[in-house]
Amino acid sequence: MRKDTVSLRQPDDSSLALTEHNRCTNGALRKATRRLSQLYDGLLAPSRLRNTQRAILVRIARDRSPTLGQLAASLVLDRSALGLSIKTLEREGFVVVETDPDDRRSRLARLTPKGERKIHDSAVLWTAAQERFENKFGIAEAKSLRDTLAFIAAQDYDDAAPIRQLEAGDPLLEFNRCNNTALRKATRRVSQLYDAVLAPTGLRSTQRSLLRSIARSGGQTMGQLAAALVLDRSALGHNLRPLERDGLVVLDVDPEDKRNRLAKITKKGEDQLRESAVLWQVAQQRFESKFGAARAETLREVLAAIAALEFDELVEADTHLI
(Lines give C-alpha, C1' and ligand atoms only; values in the text may rest on other atoms or scores of the structure.)
Protein backbone atom coordinates (compact mmCIF):
# COMPACT_ATOMS: atom_id res chain seq x y z
CA MET A 1 0.00 0.00 0.00
CA ARG A 2 1.49 3.30 -1.08
CA LYS A 3 2.02 6.03 1.48
CA ASP A 4 1.47 9.52 0.03
CA THR A 5 2.44 12.71 1.80
CA VAL A 6 -0.45 14.98 2.64
CA SER A 7 0.02 18.50 3.99
CA LEU A 8 -2.04 18.99 7.15
CA ARG A 9 -2.74 22.07 9.26
CA GLN A 10 -2.28 21.38 12.95
CA PRO A 11 -5.23 22.37 15.14
CA ASP A 12 -4.74 25.01 17.82
CA ASP A 13 -7.30 23.70 20.32
CA SER A 14 -5.85 21.26 22.85
CA SER A 15 -9.18 19.53 23.51
CA LEU A 16 -9.25 15.89 22.39
CA ALA A 17 -12.46 16.55 20.48
CA LEU A 18 -10.75 19.17 18.35
CA THR A 19 -7.35 17.51 17.91
CA GLU A 20 -8.70 14.51 16.05
CA HIS A 21 -7.92 16.00 12.64
CA ASN A 22 -6.81 13.22 10.29
CA ARG A 23 -7.01 10.72 13.17
CA CYS A 24 -10.49 9.33 12.54
CA THR A 25 -10.23 6.19 10.43
CA ASN A 26 -13.96 6.15 9.80
CA GLY A 27 -13.96 9.75 8.57
CA ALA A 28 -10.97 9.06 6.30
CA LEU A 29 -12.72 6.03 4.80
CA ARG A 30 -15.89 8.00 4.18
CA LYS A 31 -14.13 10.85 2.42
CA ALA A 32 -12.17 8.53 0.12
CA THR A 33 -15.33 6.54 -0.60
CA ARG A 34 -17.25 9.67 -1.56
CA ARG A 35 -14.48 10.83 -3.89
CA LEU A 36 -14.23 7.48 -5.62
CA SER A 37 -18.02 7.17 -5.81
CA GLN A 38 -18.12 10.47 -7.70
CA LEU A 39 -15.81 8.93 -10.30
CA TYR A 40 -17.54 5.56 -10.64
CA ASP A 41 -21.11 6.87 -10.50
CA GLY A 42 -20.23 9.68 -12.87
CA LEU A 43 -18.82 7.38 -15.53
CA LEU A 44 -21.62 4.84 -15.05
CA ALA A 45 -24.31 7.51 -15.44
CA PRO A 46 -25.09 6.63 -19.13
CA SER A 47 -26.00 3.11 -17.98
CA ARG A 48 -28.46 4.55 -15.45
CA LEU A 49 -26.83 2.40 -12.78
CA ARG A 50 -25.03 3.56 -9.66
CA ASN A 51 -21.96 1.51 -8.80
CA THR A 52 -23.67 0.15 -5.66
CA GLN A 53 -26.50 -1.16 -7.84
CA ARG A 54 -24.06 -2.69 -10.31
CA ALA A 55 -22.19 -4.37 -7.46
CA ILE A 56 -25.46 -5.93 -6.28
CA LEU A 57 -26.19 -7.26 -9.79
CA VAL A 58 -22.67 -8.66 -10.13
CA ARG A 59 -22.92 -10.32 -6.72
CA ILE A 60 -26.28 -11.91 -7.54
CA ALA A 61 -24.85 -13.25 -10.81
CA ARG A 62 -21.74 -14.58 -9.06
CA ASP A 63 -23.58 -16.21 -6.15
CA ARG A 64 -26.35 -17.61 -8.36
CA SER A 65 -29.53 -16.51 -6.61
CA PRO A 66 -28.38 -15.76 -3.04
CA THR A 67 -30.82 -15.08 -0.22
CA LEU A 68 -31.25 -11.42 0.70
CA GLY A 69 -29.47 -12.17 3.97
CA GLN A 70 -26.47 -13.66 2.16
CA LEU A 71 -26.40 -10.73 -0.24
CA ALA A 72 -26.51 -8.17 2.57
CA ALA A 73 -23.69 -9.95 4.43
CA SER A 74 -21.44 -10.24 1.36
CA LEU A 75 -21.81 -6.52 0.57
CA VAL A 76 -21.74 -5.39 4.23
CA LEU A 77 -25.13 -3.72 3.71
CA ASP A 78 -27.87 -3.59 6.31
CA ARG A 79 -31.12 -5.15 5.18
CA SER A 80 -33.01 -1.85 4.88
CA ALA A 81 -30.36 -0.29 2.60
CA LEU A 82 -30.21 -3.45 0.50
CA GLY A 83 -34.01 -3.47 0.27
CA LEU A 84 -34.09 0.05 -1.17
CA SER A 85 -31.58 -0.84 -3.89
CA ILE A 86 -33.23 -4.20 -4.65
CA LYS A 87 -36.63 -2.53 -5.07
CA THR A 88 -35.19 -0.20 -7.71
CA LEU A 89 -33.49 -3.08 -9.55
CA GLU A 90 -36.66 -5.15 -9.33
CA ARG A 91 -38.78 -2.30 -10.66
CA GLU A 92 -36.41 -1.94 -13.63
CA GLY A 93 -36.72 -5.66 -14.37
CA PHE A 94 -33.08 -6.51 -13.58
CA VAL A 95 -33.81 -8.87 -10.68
CA VAL A 96 -36.66 -11.00 -9.40
CA VAL A 97 -37.14 -11.65 -5.68
CA GLU A 98 -38.74 -15.01 -4.90
CA THR A 99 -39.50 -17.15 -1.87
CA ASP A 100 -36.71 -19.62 -1.08
CA PRO A 101 -38.15 -23.12 -1.69
CA ASP A 102 -35.77 -24.54 0.95
CA ASP A 103 -36.77 -22.00 3.61
CA ARG A 104 -39.99 -20.10 3.05
CA ARG A 105 -38.93 -17.48 5.60
CA SER A 106 -36.14 -16.37 3.25
CA ARG A 107 -36.24 -14.69 -0.14
CA LEU A 108 -33.91 -15.26 -3.07
CA ALA A 109 -32.66 -12.62 -5.50
CA ARG A 110 -32.44 -13.92 -9.06
CA LEU A 111 -30.91 -12.10 -12.02
CA THR A 112 -33.09 -11.72 -15.12
CA PRO A 113 -31.80 -11.80 -18.72
CA LYS A 114 -32.27 -8.02 -18.74
CA GLY A 115 -30.08 -7.79 -15.64
CA GLU A 116 -27.41 -9.96 -17.24
CA ARG A 117 -27.37 -7.66 -20.27
CA LYS A 118 -27.13 -4.62 -18.00
CA ILE A 119 -24.00 -6.01 -16.33
CA HIS A 120 -22.48 -6.71 -19.74
CA ASP A 121 -23.47 -3.37 -21.25
CA SER A 122 -22.09 -1.38 -18.28
CA ALA A 123 -18.78 -3.27 -18.14
CA VAL A 124 -16.96 -0.83 -20.42
CA LEU A 125 -17.99 2.16 -18.29
CA TRP A 126 -17.02 0.37 -15.07
CA THR A 127 -13.64 -0.55 -16.58
CA ALA A 128 -13.09 3.08 -17.58
CA ALA A 129 -13.64 4.12 -13.95
CA GLN A 130 -11.23 1.45 -12.72
CA GLU A 131 -8.57 2.53 -15.18
CA ARG A 132 -8.99 6.24 -14.48
CA PHE A 133 -8.45 5.68 -10.76
CA GLU A 134 -5.56 3.25 -11.22
CA ASN A 135 -3.83 5.53 -13.72
CA LYS A 136 -3.60 8.10 -10.92
CA PHE A 137 -3.10 5.79 -7.96
CA GLY A 138 -1.22 2.83 -9.44
CA ILE A 139 -2.40 -0.68 -10.34
CA ALA A 140 -0.27 -2.52 -7.76
CA GLU A 141 -1.09 0.07 -5.10
CA ALA A 142 -4.81 -0.31 -5.81
CA LYS A 143 -4.59 -4.10 -5.49
CA SER A 144 -2.73 -3.78 -2.19
CA LEU A 145 -5.30 -1.30 -0.91
CA ARG A 146 -8.20 -3.56 -1.92
CA ASP A 147 -6.64 -6.46 0.01
CA THR A 148 -6.25 -4.20 3.05
CA LEU A 149 -9.86 -3.06 2.77
CA ALA A 150 -11.03 -6.68 2.46
CA PHE A 151 -9.24 -7.47 5.73
CA ILE A 152 -10.98 -4.51 7.41
CA ALA A 153 -14.38 -5.58 6.08
CA ALA A 154 -13.85 -9.16 7.29
CA GLN A 155 -13.33 -8.28 10.96
CA ASP A 156 -15.73 -8.49 13.87
CA TYR A 157 -14.82 -5.48 16.00
CA ASP A 158 -16.12 -6.94 19.24
CA ASP A 159 -13.21 -6.96 21.68
CA ALA A 160 -13.53 -10.70 22.25
CA ALA A 161 -13.58 -11.66 18.57
CA PRO A 162 -10.39 -13.12 17.09
CA ILE A 163 -8.64 -11.45 14.16
CA ARG A 164 -9.67 -13.08 10.88
CA GLN A 165 -6.72 -13.48 8.56
CA LEU A 166 -7.49 -13.73 4.84
CA GLU A 167 -5.60 -16.48 3.03
CA ALA A 168 -5.03 -16.74 -0.73
CA GLY A 169 -8.18 -18.03 -2.39
CA ASP A 170 -10.53 -16.48 0.17
CA PRO A 171 -13.65 -15.23 -1.68
CA LEU A 172 -13.17 -11.79 -0.12
CA LEU A 173 -9.86 -11.56 -2.00
CA GLU A 174 -10.68 -13.63 -5.07
CA PHE A 175 -13.67 -11.51 -6.12
CA ASN A 176 -12.22 -8.25 -4.80
CA ARG A 177 -11.79 -6.33 -8.08
CA CYS A 178 -13.80 -3.11 -7.77
CA ASN A 179 -11.90 -0.33 -5.99
CA ASN A 180 -15.07 1.59 -5.15
CA THR A 181 -16.92 -1.46 -3.81
CA ALA A 182 -13.93 -2.46 -1.67
CA LEU A 183 -13.89 1.02 -0.13
CA ARG A 184 -17.65 1.00 0.43
CA LYS A 185 -17.60 -2.39 2.18
CA ALA A 186 -14.76 -1.40 4.51
CA THR A 187 -16.43 1.94 5.21
CA ARG A 188 -19.74 0.28 6.08
CA ARG A 189 -18.05 -2.18 8.42
CA VAL A 190 -16.08 0.50 10.27
CA SER A 191 -19.12 2.81 10.37
CA GLN A 192 -21.05 0.03 12.11
CA LEU A 193 -18.36 0.01 14.79
CA TYR A 194 -18.24 3.80 15.31
CA ASP A 195 -22.01 4.25 15.18
CA ALA A 196 -22.58 1.45 17.72
CA VAL A 197 -20.02 2.86 20.16
CA LEU A 198 -21.31 6.44 19.74
CA ALA A 199 -24.98 5.42 20.09
CA PRO A 200 -25.30 6.63 23.74
CA THR A 201 -24.50 10.20 22.56
CA GLY A 202 -27.32 10.24 20.02
CA LEU A 203 -24.79 11.13 17.31
CA ARG A 204 -23.94 9.08 14.26
CA SER A 205 -20.29 9.11 13.23
CA THR A 206 -21.12 11.24 10.16
CA GLN A 207 -22.80 13.86 12.34
CA ARG A 208 -19.91 13.92 14.78
CA SER A 209 -17.42 14.39 11.92
CA LEU A 210 -19.52 17.28 10.70
CA LEU A 211 -19.59 18.89 14.15
CA ARG A 212 -15.83 18.48 14.50
CA SER A 213 -15.17 20.07 11.11
CA ILE A 214 -17.38 23.06 11.94
CA ALA A 215 -15.76 23.45 15.36
CA ARG A 216 -12.22 23.37 13.97
CA SER A 217 -12.94 25.96 11.30
CA GLY A 218 -14.71 28.43 13.57
CA GLY A 219 -17.41 28.79 10.90
CA GLN A 220 -17.49 27.65 7.28
CA THR A 221 -19.75 28.40 4.36
CA MET A 222 -21.85 25.52 3.13
CA GLY A 223 -19.66 25.29 0.04
CA GLN A 224 -16.44 25.19 2.07
CA LEU A 225 -17.88 22.57 4.41
CA ALA A 226 -19.09 20.38 1.53
CA ALA A 227 -15.66 20.56 -0.12
CA ALA A 228 -13.80 19.76 3.11
CA LEU A 229 -15.94 16.68 3.76
CA VAL A 230 -16.21 15.60 0.09
CA LEU A 231 -20.01 15.87 0.36
CA ASP A 232 -22.41 17.20 -2.22
CA ARG A 233 -24.63 20.06 -1.05
CA SER A 234 -27.82 17.99 -0.80
CA ALA A 235 -26.14 15.33 1.37
CA LEU A 236 -24.59 18.07 3.53
CA GLY A 237 -28.01 19.63 4.07
CA HIS A 238 -29.46 16.23 4.94
CA ASN A 239 -26.81 15.75 7.65
CA LEU A 240 -26.97 19.33 8.96
CA ARG A 241 -30.73 19.46 9.51
CA PRO A 242 -30.86 17.25 12.64
CA LEU A 243 -27.83 19.06 14.11
CA GLU A 244 -29.54 22.41 13.57
CA ARG A 245 -32.85 21.07 14.91
CA ASP A 246 -31.15 19.83 18.09
CA GLY A 247 -29.39 23.15 18.64
CA LEU A 248 -25.88 21.84 18.02
CA VAL A 249 -25.18 24.16 15.07
CA VAL A 250 -26.62 27.39 13.73
CA LEU A 251 -26.66 28.61 10.13
CA ASP A 252 -26.05 32.36 9.83
CA VAL A 253 -25.89 34.65 6.83
CA ASP A 254 -22.28 35.22 5.77
CA PRO A 255 -21.58 38.95 6.43
CA GLU A 256 -19.07 38.99 3.57
CA ASP A 257 -21.47 37.46 1.03
CA LYS A 258 -25.15 37.40 1.95
CA ARG A 259 -25.80 34.69 -0.65
CA ASN A 260 -23.87 32.26 1.54
CA ARG A 261 -24.64 30.77 4.92
CA LEU A 262 -22.08 30.04 7.62
CA ALA A 263 -22.31 26.92 9.77
CA LYS A 264 -21.24 27.57 13.38
CA ILE A 265 -21.16 25.25 16.36
CA THR A 266 -23.14 26.26 19.44
CA LYS A 267 -22.13 25.90 23.10
CA LYS A 268 -24.42 22.85 23.24
CA GLY A 269 -22.67 21.44 20.18
CA GLU A 270 -19.25 21.98 21.72
CA ASP A 271 -20.35 20.20 24.89
CA GLN A 272 -21.76 17.29 22.85
CA LEU A 273 -18.56 17.03 20.83
CA ARG A 274 -16.39 17.06 23.95
CA GLU A 275 -18.56 14.54 25.78
CA SER A 276 -18.50 12.15 22.82
CA ALA A 277 -14.70 12.26 22.52
CA VAL A 278 -14.20 9.43 25.02
CA LEU A 279 -16.52 7.09 23.10
CA TRP A 280 -14.91 8.10 19.81
CA GLN A 281 -11.56 7.12 21.33
CA VAL A 282 -13.03 3.74 22.33
CA ALA A 283 -14.06 3.12 18.71
CA GLN A 284 -10.62 4.16 17.46
CA GLN A 285 -8.87 1.81 19.88
CA ARG A 286 -11.20 -1.07 19.08
CA PHE A 287 -10.43 -0.70 15.37
CA GLU A 288 -6.69 -0.35 15.96
CA SER A 289 -6.63 -3.42 18.23
CA LYS A 290 -7.50 -5.46 15.14
CA PHE A 291 -5.65 -3.45 12.49
CA GLY A 292 -2.74 -1.83 14.31
CA ALA A 293 -2.19 1.82 15.20
CA ALA A 294 0.76 2.37 12.85
CA ARG A 295 -1.03 0.67 9.94
CA ALA A 296 -4.12 2.77 10.64
CA GLU A 297 -2.08 5.98 10.46
CA THR A 298 -0.58 4.93 7.12
CA LEU A 299 -4.01 3.93 5.82
CA ARG A 300 -5.48 7.32 6.76
CA GLU A 301 -2.72 9.10 4.84
CA VAL A 302 -3.42 6.96 1.76
CA LEU A 303 -7.15 7.61 2.07
CA ALA A 304 -6.52 11.35 2.43
CA ALA A 305 -4.50 11.25 -0.78
CA ILE A 306 -7.39 9.49 -2.58
CA ALA A 307 -9.89 12.04 -1.25
CA ALA A 308 -7.66 14.81 -2.65
CA LEU A 309 -7.47 13.33 -6.16
CA GLU A 310 -9.15 15.17 -9.02
CA PHE A 311 -10.73 13.17 -11.84
CA ASP A 312 -11.96 14.42 -15.20
CA GLU A 313 -15.68 14.53 -15.97
CA LEU A 314 -16.80 14.10 -12.37
CA VAL A 315 -20.51 13.90 -11.74
CA GLU A 316 -21.84 14.57 -8.25
CA ALA A 317 -22.71 11.35 -6.44
CA ASP A 318 -25.59 10.77 -4.06
CA THR A 319 -23.73 9.95 -0.85
CA HIS A 320 -26.76 8.99 1.24
CA LEU A 321 -26.02 5.29 0.58
CA ILE A 322 -22.50 5.50 1.96
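Described below are features of the structure shown in this document. (Residues numbered from 1 in each chain as written. Predicted model: local features only at pLDDT ≥ 70, side-chain atom pairs only at ≥ 80, totals over all residues. Heavy atoms only, no water.)

Within the protein one finds 13 helices and 5 strands. When contacts within the protein are restricted to residue pairs at least 6 apart in sequence, long-range pairs at least 24 apart make up 70% of them. Of the roughly 15700 Å² of accessible surface on the protein, 48% is carried by carbon and sulfur atoms. (Helix = DSSP H or I, 4+ residues; strand = E, 2+ residues; numbered from the N terminus. Contact = heavy atoms within 4.5 Å. Areas by Shrake-Rupley, 256 points an atom, 1.4 Å probe, with all protein chains shown as cover.)

Further remarks concern the pairing of strand β5 (residues 261-265). Across 2 bridges, strand β3 (residues 220-221) lies against β5 in antiparallel orientation. Counted as the bridge partner of threonine 221 is leucine 262 from β5. For strand β4 (residues 249-253) and β5, the ladder comprises 5 bridges, and the chain directions are antiparallel. Along β5, the bridge assignment pairs valine 250 with lysine 264. (Pairing = 2+ DSSP bridges.)

Right, let's talk about helix α4 (residues 79-91) for a bit. Over its 13 residues, α4 extends 18 Å from the first C-alpha to the last, a length consistent with the 18 Å expected when each residue adds 1.5 Å. Buried within α4 are the following residues: Ala81, Leu82, Ser85, Ile86 and Leu89. The arc that holds every buried residue of α4, seen down its axis, measures 130°, which confines them to one face. Those residues of α4 that are exposed and aimed more than 90 degrees away from the buried face are Arg79, Ser80, Leu84, Lys87 and Arg91. Next to the buried residues of α4 lie α2 (51-63), α3 (68-75) and β1 (95-100). Directly beyond the C-terminal end of α4, a positive phi value near 80° is found at glycine 93. (Expected span 1.5 Å × (residues − 1). Buried < 20%, exposed > 50% of the residue type's maximum accessible area, 1.4 Å probe, protein only. Arc of directions from axis to C-beta.)

So, about the environment of threonine 127. The topology assignment puts threonine 127 in helix α5 (residues 113-137). We classify threonine 127 as partly exposed; its relative accessible area is 31%. For threonine 127 and cysteine 178, which are 51 residues apart along the polypeptide, the C-alpha to C-alpha distance reads 9.2 Å.

Next up on the list: the environment of threonine 201. Among the secondary structure elements, threonine 201 is positioned in the loop between α8 (179-198) and α9 (205-217). Residues threonine 201 and leucine 273, spaced 72 residues apart in sequence, show a C-alpha to C-alpha distance of 9.2 Å. Beyond its immediate stretch of four places on either side in the chain, threonine 201 contacts Gln272, Ser276 and Leu279.

By secondary structure assignment, the location of lysine 87 is in helix α4. Considering only alpha carbons, one finds lysine 87 and valine 97, 10 residues apart in sequence, at a separation of 9.2 Å.

Moving on: the pairing of β1. By the bridge criterion, 6 bridges tie β1 to strand β2 (residues 103-111) in an arrangement that is antiparallel. Its bridge partner being in β2, glutamate 98 is matched across the sheet by leucine 108. Where β1 folds back onto β2 in an antiparallel hairpin, the turn is made up of 2 residues.

Looking now at the sheet that holds β3. Pairing is antiparallel across the open sheet formed by 3 strands, whose spatial order is β3-β5-β4. Lying at the two open borders of the sheet, with one neighbouring strand each, are β3 and β4. Most of the contacts of α9 go to β5, to which it runs at about 100°, and overall it touches β3, β4 and β5. (Axes fitted to C-alpha atoms, helices over the stretch in contact; angles between N-to-C directions.)

Another point: the packing of α9 against helix α12 (residues 267-291). At a minimum axis distance of 10 Å, the contact between α9 and α12 shows a crossing angle of 125°. Taken together, the axes of α9 and α12 lie oblique to each other. The interaxial crossing formed by α9 with α12 has left-handed handedness. Every residue of α12 that contacts α9 at Arg208, Leu211, Arg212 and Ala215 is listed here: Gly269, Leu273, Ser276, Ala277 and Trp280. Tallied by class, residues from the contact of α9 with α12 come to 5 nonpolar, 2 polar and 2 charged. (Parallel < 35°, antiparallel > 145°, perpendicular 65-115°, else oblique. Left-handed = near helix turned anticlockwise from the far one by under 90°. Nonpolar A, V, L, I, M, F, W, Y, C, P; charged D, E, K, R; others polar.)

Here we come to the nonpolar core. Core analysis: the largest hydrophobic core is formed by 42 residues, its most contacted members being Leu39, Phe133, Leu149, Ile152 and Phe287. Of all the elements in the fold, those that place two or more residues in this core are α1 (25-44), α5, α6 (139-154), α8, α12 and α13 (293-307). Apart from the residues lying within four places of it in its own chain, the contact partners of isoleucine 152 are Tyr157, Ala186, Arg189, Val190, Phe287, Phe291 and Leu299. Grouped together as the second largest cluster of nonpolar side chains are 20 residues, Leu229, Leu231, Ala263 and Ile265 included. (Core = buried A, V, L, I, M, F, W, Y, C linked by side-chain atoms within 4.5 Å.)

Okay, unusual backbone geometry next. At valine 76, a position not held by glycine, the phi torsion is positive, near 55°. By the element assignment, valine 76 lies in the loop between α3 and α4. For valine 76, a relative accessible area of 6% gives the class buried. At valine 230, a position not held by glycine, the phi torsion is positive, near 55°. Tracing the backbone through its elements, the reader meets valine 230 in the loop between α10 (222-229) and α11 (233-245).

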